[in-house]
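The chain contents come next:
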There are 2 protein chains.
Amino acid sequence: MSTTETQHSPAQNGTNAAQNGKNAGQNQAVTQSLKSHSLAWLEDPEHGIRVPVTEIALESSPNGLANPPLQVYRTAGPGSDPVVGLEPFRTPWIEARADTEAYSGRERNLLDDGKSAVRRGAASAEWKGAQPVPRRAVDGKTVTQMHYAKQGIVTPEMQFVALREGCDVELVRSEVAAGRAIIPNNINHPESEPMIIGKAFLVKINANIGNSAVTSSIAEEVDKLQWAAQWGADTVMDLSTGDDIHTTREWIIRNSPVPIGTVPIYQALEKVNGEANQLTWEIFRDTVIEQCEQGVDYMTIHAGVLLRYVPLTANRVTGIVSRGGSIMAGWCLAHHQENFLYTHFDELCEIFAQYDVAFSLGDGLRPGSVADANDAAQFAELDTLAELTQRAWEFDVQVMVEGPGHIPFHLVRENVERQQELCKGAPFYTLGPLVTDVAPGYDHITSAIGATEIARYGTAMLCYVTPKEHLGLPNKDDVKTGVITYKIAAHAADLAKGHPGAHERDDALSKARFEFRWRDQFALSLDPVTAEAFHDETLPAEPAKTAHFCSMCGPKFCSMRISQDIRDEYGSADSQAAIAGMYNGMREKSQEFLASGGKVYLPELQVPANQGSSSGGLN
Amino acid sequence: MSTTETQHSPAQNGTNAAQNGKNAGQNQAVTQSLKSHSLAWLEDPEHGIRVPVTEIALESSPNGLANPPLQVYRTAGPGSDPVVGLEPFRTPWIEARADTEAYSGRERNLLDDGKSAVRRGAASAEWKGAQPVPRRAVDGKTVTQMHYAKQGIVTPEMQFVALREGCDVELVRSEVAAGRAIIPNNINHPESEPMIIGKAFLVKINANIGNSAVTSSIAEEVDKLQWAAQWGADTVMDLSTGDDIHTTREWIIRNSPVPIGTVPIYQALEKVNGEANQLTWEIFRDTVIEQCEQGVDYMTIHAGVLLRYVPLTANRVTGIVSRGGSIMAGWCLAHHQENFLYTHFDELCEIFAQYDVAFSLGDGLRPGSVADANDAAQFAELDTLAELTQRAWEFDVQVMVEGPGHIPFHLVRENVERQQELCKGAPFYTLGPLVTDVAPGYDHITSAIGATEIARYGTAMLCYVTPKEHLGLPNKDDVKTGVITYKIAAHAADLAKGHPGAHERDDALSKARFEFRWRDQFALSLDPVTAEAFHDETLPAEPAKTAHFCSMCGPKFCSMRISQDIRDEYGSADSQAAIAGMYNGMREKSQEFLASGGKVYLPELQVPANQGSSSGGLN
């Protein structure tokens with residue numbers, strides 16, 4: 001069941017949407033190409049669940065037949081005013097379980113926002129929206145989705161996810177119970193729409209945002225969050241390392257319809273003035289609790305960087321390139337002690353279990369160049385991540401495992417297969433990987449190639465890479481380019497995996513293309529704004545959008561028109577039966593010929609085993 | 001042996017280079033980032049051969065050690081003034097074989113340039129450079145590289161190619177003799193630098209240019225040719241379908257250092273006023289001879305679109321999307337006769353053998369959507385292309401075979417393996433393939449994903465796709481984006497195939513990155529202009545290019561610095577021996593433990609079978 005509500009444009013906040021920034025009149029283009037998109041709902045009244053989807057209205061075919069609207073997965077959320085934030089719609093679900101309590105929470109500490117905040121006595125743009133009271137599990141309770149799933153309990157979060165994925169809720173419950181999928185949703189982030197990360201489900205993508213010591217502001221980061229979610233980011237990581245880290249995160253979480261991930265060691269490092277040696281377990285634990293109370297849904301923890309693995313990186317071409325990995329390696333070396341994230345891992349599990357925060361086990365020793373791919377350091381750490389996965393599961397804490405990085409194309413598959421085997425199917429979450437190092441400025445592309453390959457073999461979530469990777473901080477255009485590029489990789493992998501329904505959007509778009517329904521072709525594309533703008537560069541006039549030709553062939557000759565003639569002549573069931581008969585006759589003759597020792601190059605018809613008809617590979 | 005000559009910038013013609021067109025001061029950026037590139041020569045004085053390469057000068061490492069310059073494959077040619085053209089440096093090689101003759105050639109026909117030229121009495125910008133006299137084989141001779149190779153003759157063209165590829169010339173000769181590689185170089189295009197297309201060699205890319213009835217001029221197309229070659233196109237196809245086709249091609253060929261391909265049916269169709277039914281073998285043959293005399297190096301011939309295959313496309317989602325394919329299908333249906341390209345194929349072979357024009361056997365029935373991938377129509381045509389390959393080889397004519405198109409990722413590999421088997425290793429030349437239909441505006445990316453996969457398994461040349469695919473005609477920026485994207489796909493496939501030396505550029509760039517040699521990182525990238533411009537958006541000051549930090553982490557903390565500390569402490573041979581000893585001890589203990597029934601998750605060291613050291617996958 002589904003209903004349609006208000007008009008909503010995924011780019012309504014956008015004034016700078018087209019990829020190449022070259023097109024005048026973009027705002028008008030936004031309006032034109034997205035006006036057929038609307039917010040609709042999948043409804044499950046029995047369980048009181050409704051899931052937002054984007055509905056794309058389509059025009060009729062030239063033969064007059066209507067084309068049904070297409071509903072597609074939607075990450076944009078209902079939209080929010082940044083200074084107000086989103087409705088905490090999951091709160092009733094959480095409260096109904098009666099296993100959590102509100103509490104006063106950790107005391108505010110100005111150093112959470114860095115030295116500038118301490119000097120000023122405030123962050124630069126304090127959060128003035130609703131100040132939610134933090135919740136945690138009541139003593140002795142575990143409040144993770146994995147815990148419920150293992151008990152056989154189907155939560156509203158699981159119902160939401162099942163409706164969203166179009167699958168049976170038992171698949172959701174059983175995959176979460178087995179650790180093969182996670183639903184990252186901290187009980188202190190009740191604004192977020194549940195989503196699932198696991199290889200049995202649609203491949204997800206993450207977008208990184210966050211300020212740095214060099215540049216950017218809170219408002220910009222909130223804008224990037226909304227922008228990323230609108231174009232299709234399934235989760236967003238806030239990797240801020242500059243001023244106002246706590247407050248920036250508050251703005252982000254309160255406005256985020258998608259799960260938020262962080263790397264808490266970044267903030268902990270700021271609290272010790274950037275001196276890795278000064279880090280302690282106590283400072284780190286305090287930072288983790290701070291973030292648990294704010295509502296961070298998953299945290300990258302570099303607990304696999306063990307002291308004895310560090311020397312394995314010494315003769316690499318690019319050493320340790322993970323920032324968190326090098327912080328922990330630096331700490332281990334400075335103290336000649338084992339990584340405190342490893343030695344205190346059980347305590348982290350106990351904390352995460354109280355809020356339902358998921359681990360994202362960081363790959364601090366991932367290769368930073370194709371020369372270092374699949375080396376001893378990388379795989380040694382993976383063994384430890386597998387061990388930690390098991391330990392987290394003993395606490396019913398959800399886990400995913402991070403992966404590289406820079407890997408030449410032929411070595412990509414080994415990464416996911418090895419991770420899946422060692423980590424017993426825990427979701428794999430990879431950065432790219434980039435399949436070559438030679439194209440800075442285009443690393444969204446070098447990495448999307450590796451990402452498609454690794455997702456095809458079971459990676460559950462792909463961390464995007466923007467064109468600025470290795471060169472600078474992404475701006476809003478870069479965020480969009482990264483998100484769209486990774487939607488392509490994820491969708492291509494869904495198609496390759498034969499995910500049910502994945503081909504519907506391809507088929508609808510291709511039908512629109514074949515029928516010269518230009519507006520539908522734009523509307524069905526991952527980025528309608530850019531598609532329409534590119535078309536208009538060559539043929540800007542409005543009538544061209546309904547013209548029965550395109551710029552490649554011009555108005556005189558049209559390959560699609562000839563195809564239509566062929567369909568008119570041969571497309572009927574009768575014609576097809578006659579053709580089949582003709583080819584069966586040919587095949588017999590051909591087989592006779594082959595049996596008598598003829599060459600194989602006769603123009604016989606070869607129908608591949610997986611093709612029952614001429615309509616292609618996905619049906 | 002190699003020598004270095006004048007400074008030369010691959011972007012010297014460019015005023016509009018950066019991909020996203022957002023950066024002010026681009027011309028300055030061009031100068032800065034490319035000044036370390038120079039034209040150098042690989043010399044083979046014994047055979048009088050010298051091959052141009054681009055030499056990239058590198059700075060010293062922070063430890064004071066010099067980094068040798070890197071020489072990379074160069075397609076840009078020596079550069080030419082468009083109105084003069086390039087030096088015909090291959091003429092002495094051709095004349096020395098004494099198997100060709102100059103002759104008067106076919107008479108100029110104004111209709112070669114379309115109706116506007118007939119009306120005006122001239123093309124719009126007649127070629128005024130040197131008017132070469134056409135050559136052809138003397139009666140009874142075959143002048144193809146395949147013919148020489150089969151005789152055991154090593155030509156200067158083969159010597160040139162071997163020096164260029166860094167391989168033994170016997171590999172070149174034997175692969176050409178066997179039909180597994182081609183050297184497309186018409187004797188009437190003596191300006192071109194020989195290159196080879198075959199799976200034993202570096203993966204090549206093609207860029208399409210050409211005007212259409214809707215837009216563009218001769219000067220623009222020549223500019224696009226030079227631009228494409230400068231950024232790395234190995235061949236260029238002129239797909240013009242508008243006015244001045246003959247004259248546009250003359251300008252292009254006289255200025256092209258790379259082989260030029262065409263689809264002669266496009267021009268033939270213009271000669272019959274766009275009416276496919278009016279096409280005849282005679283008009284087509286005359287067009288082919290016209291183009292042979294001009295110097296076209298390879299021609300796409302849609303001889304596999306047989307009458308009986310046409311109905312197989314009737315129920316496809318996107319019918320026939322190849323323009324040439326639909327022209328021939330339209331002709332077959334209109335006349336109820338077999339495709340004249342098929343019935344006259346032997347005559348085409350006889351013509352091509354006189355000029356050394358290579359076939360590019362067109363896949364007129366390729367799928368235009370993932371739904372139609374690997375279907376009966378596509379594979380029926382491939383069977384016929386295999387038959388035609390054998391027929392061309394009987395005439396010693398060089399052949400490559402074209403492939404799709406739109407193919408979901410998991411079905412890509414089957415395409416190249418089937419083609420290689422059926423066509424006995426004849427080079428495969430594919431358009432992408434695009435692995436999803438849902439991203440118009442980003443089809444350079446959707447197709448680069450498929451291109452990497454198909455090249456990994458043996459496709460020899462990749463036809464680029466620009467961001468404008470399906471939407472409009474590519475401008476100069478689009479051409480560059482398409483070329484760089486396809487250089488990425490081709491190079492990633494070379495790495496995956498373990499092509500000797502392919503990883504040198506990756507390793508040099510990664511070393512520069514690790515050592516914060518920013519200028520070297522830009523210079524070594526496929527697109528130095530964009531890399532430098534992106535860096536400068538965040539950190540524009542000149543000192544930042546030598547700063548020991550980047551914008552991601554800021555000046556305070558640097559993961560690369562920690563890695564350097566690790567290297568200083570553990571990177572020596574003694575340290576590494578000690579580490580190896582430690583790990584051998586650990587492994588023994590671990591094996592004991594496993595033997596006694598322990599868990600596999602102990603943090604033992606796992607060294608993959610193909611990795612002898614920690615220095616990565618390609619060494």
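The rules we used
Sequence positions are assigned chain by chain, starting from 1 and proceeding in written order. The order in which chains are written sets their letters, starting at A; the order in which ligands are written sets their numbers, starting at 1. Selection of residues for local features in this predicted model requires a pLDDT of at least 70, selection of side-chain atom pairs for listing and counting requires 80 or more, and totals for whole chains, interfaces and linings are taken over all residues. Excluded from the side-chain calculation are hydrogens and water; included are all heavy atoms of the structure. The criterion is simple. A nonpolar core is a set of buried Ala, Val, Leu, Ile, Met, Phe, Trp, Tyr and Cys residues joined through side-chain atoms within 4.5 Å. Exposed residues in this analysis have more than 50% of their type's maximum accessible area, buried residues have under 20%, and partly exposed residues fall in between, with area computed by a 1.4 Å probe over protein chains only. The contact rule is simple, with two residues in contact once any of their heavy atoms fall within 4.5 Å. UniProt positions are given in the numbering used here, feature names are shortened, and annotations may be inferred rather than shown by experiment. By the criteria applied, helices consist of DSSP H or I runs no shorter than four residues and strands consist of E runs no shorter than two, each listed in order from the N terminus. Think of each axis as a best-fit line through the C-alpha atoms, taken over the contacting stretch in the case of a helix, with angles from 0 to 180 degrees between the N-to-C directions. For classification purposes, angles smaller than 35 degrees are called roughly parallel, those larger than 145 roughly antiparallel, those between 65 and 115 roughly perpendicular, and all remaining angles oblique. Left-handed is the label given to a crossing in which the near helix is rotated counterclockwise from the far helix by less than a right angle, and right-handed is the label when the rotation is clockwise. In this analysis, strands are considered paired if DSSP registers two or more bridges between them. Here is how to tell: hold the view so the strands point away, follow the path from the first strand over the helix to the second, and if it runs clockwise the crossover is right-handed. Working definition: a ring pair exists when centres of Phe, Tyr or Trp rings (six-membered ring for Trp) sit within 6.5 Å. Plane angles under 30 degrees give stacked, over 60 give edge-to-face, the rest tilted. A ring is considered to have a charge above it if a Lys NZ or an Arg CZ atom is located within 6 Å of its centre and within 35 degrees of its normal. Each residue receives one of three labels: charged for Asp, Glu, Lys and Arg, nonpolar for Ala, Val, Leu, Ile, Met, Phe, Trp, Tyr, Cys and Pro, and polar for the others, Gly being one of them.

### Details of the nonpolar core
Link 1 in the chain: Membership of the largest hydrophobic core comes to 292 residues, with the highest contact counts inside it found for Phe-352 and Phe-359 of chain A together with Phe-352 and Phe-359 of chain B.
Link 2 in the chain: If sequence neighbours within four positions are ignored, Phe-359 of chain B has contacts with Met-299, Ile-301, Phe-345, Leu-348, Cys-349, Phe-352, Ala-392, Val-397, Gln-398, Val-399 and Met-400 of chain B.

### Re the UniProt feature "binding site: Zn(2+)" (unreviewed entry) in chain A
Link 1 in the chain: Under the local residue numbering, the UniProt record ascribes the feature "binding site: Zn(2+)" (unreviewed entry) to His-406 and His-470 of chain A. In summary, the annotated positions, though distributed over 65 residues, converge in three dimensions, the widest C-alpha pair being only 12.2 Å.
Link 2 in the chain: Secondary-structure assignment places His-406 of chain A in the loop between strand E14 (399-403) and helix H15 (409-422).
Link 3 in the chain: Residues contacting His-406 of chain A, with those up to four places away along its chain left out, are Pro-367, Gly-368, Ser-369, Val-370, Ala-373, Pro-433, Leu-434, Asp-437 and His-470 of chain A together with Arg-513 of chain B.

### Structural notes on the packing of helix H9 (residues 264-271) of chain B against helix H10 (residues 281-294) of chain B
All names here are of chain B.
Link 1 in the chain: For the pair H9 and H10, the least separation of the axes is 9 Å and the interaxial angle reads 125°. Considering their axes alone, H9 and H10 lie oblique with respect to each other. Our pair here, H9 against H10, has a crossing hand that is right-handed. Residues Pro-264, Ile-265, Gln-267, Ala-268 and Lys-271 of H9 lie in contact with H10, whose contacting residues are Ile-283, Phe-284, Asp-286, Thr-287, Val-288, Glu-290 and Gln-291.

### Comments concerning the environment of Val-288 of chain A
Residue and element names in this part refer to chain A.
Link 1 in the chain: With respect to the element layout, Val-288 can be found in helix H10 (residues 281-294).
Link 2 in the chain: Given the relative accessible area of 0%, Val-288 is considered buried.
Link 3 in the chain: Each C-alpha atom of the pair Val-288 and Phe-352 lies 8.9 Å from the other, and the pair is 64 residues apart in sequence.

### What to know about the sheet that holds strand E15 (residues 428-431) of chain B
Residues and elements named next belong to chain B.
Link 1 in the chain: Reading around the circumference, E9-E10-E11-E12-E13-E14-E15-E16 is the order of the eight strands in this closed barrel, with parallel pairing throughout. Neighbour-to-neighbour, the strand axes of the sheet open up by a mean angle of 25°, direction not taken into account.
Link 2 in the chain: Strand direction decides the pairing type here: strand E14 (residues 399-403) and E15, joined by three bridges, are parallel. Bridge assignment links Gly-403 to a residue of E15, and that residue is Thr-430.

### Some details on the pairing of strand E15 (residues 428-431) of chain A
Strand residues, when the strand is regular, have side chains that alternate between the two faces of the sheet.
Residue and element names in this part refer to chain A.
Link 1 in the chain: Neither face of E15 is exposed, since Phe-428 and Thr-430 on one face and Tyr-429 and Leu-431 on the opposite face are all buried.
Link 2 in the chain: With H15 bridging E14 and its parallel neighbour E15, the resulting β-α-β unit is right-handed.
Link 3 in the chain: Taken together, the three bridges between E15 and strand E16 (residues 461-463) define a ladder with parallel strand orientation. Directly across from Thr-430, in E16, lies its bridge partner Leu-462.
Link 4 in the chain: Running through helix H16 (residues 443-456), the crossover from E15 to the neighbouring parallel element E16 is right-handed.

### Brief notes about the packing of aromatic side chains
Residue and element names in this part refer to chain A.
Link 1 in the chain: With the rule as written, the count across this model stands at 26 aromatic pairs over all chains.
Link 2 in the chain: With 5.7 Å between their ring centres and 85° between their planes, Trp-227 and Trp-231 make a pair best called edge-to-face. Of this pair, Trp-227 and Trp-231 both sit in helix H7 (residues 218-231), four residues apart, which is roughly one turn of the helix.
Link 3 in the chain: Here Trp-231 falls in the buried class, since its relative accessible area comes to 6%.
Link 4 in the chain: On the basis of an interplanar angle of 40° and a centroid distance of 4.4 Å, the ring pair of Phe-352 and Phe-359 is categorised as tilted. The same class applies to Phe-352 and to Phe-359, which are both buried.
Link 5 in the chain: Aromatic ring contacts, followed pair by pair, group Trp-281, Phe-284, Trp-331 and Phe-340 into a single cluster.
Link 6 in the chain: One cation-aromatic arrangement involves Arg-50 over Trp-41; the distance from NZ or CZ to the ring centre is 3.8 Å.
Link 7 in the chain: One Lys or Arg, Lys-480, reaches over the ring of Trp-231 and ends 4.1 Å from the middle of that ring.

### Notes on the side chain of Thr-287 of chain B
All names here are of chain B.
Link 1 in the chain: When you line up the elements, Thr-287 lands in helix H10.
Link 2 in the chain: We classify Thr-287 as buried; its relative accessible area is 0%.
Link 3 in the chain: Contact partners of Thr-287, with chain neighbours within four places excluded, come to Pro-264, Gln-267, Ala-268 and Lys-271.

### What about the packing of helix H13 (residues 345-355) of chain A against helix H14 (residues 376-394) of chain A?
Residue and element names in this part refer to chain A.
Link 1 in the chain: As a packed pair, H13 and H14 sit with axes 9 Å apart at the nearest point and diverge in direction by 45°. Classified by the interaxial angle, the pair formed by H13 and H14 is oblique. The chirality of how H13 crosses H14 is right-handed. In this structure, H13 uses Phe-345, Asp-346 and Cys-349 to contact H14, whose residues at the interface are Leu-388, Arg-391 and Ala-392.
Link 2 in the chain: When its residues are assigned to classes, the contact of H13 with H14 shows four nonpolar, no polar and two charged.

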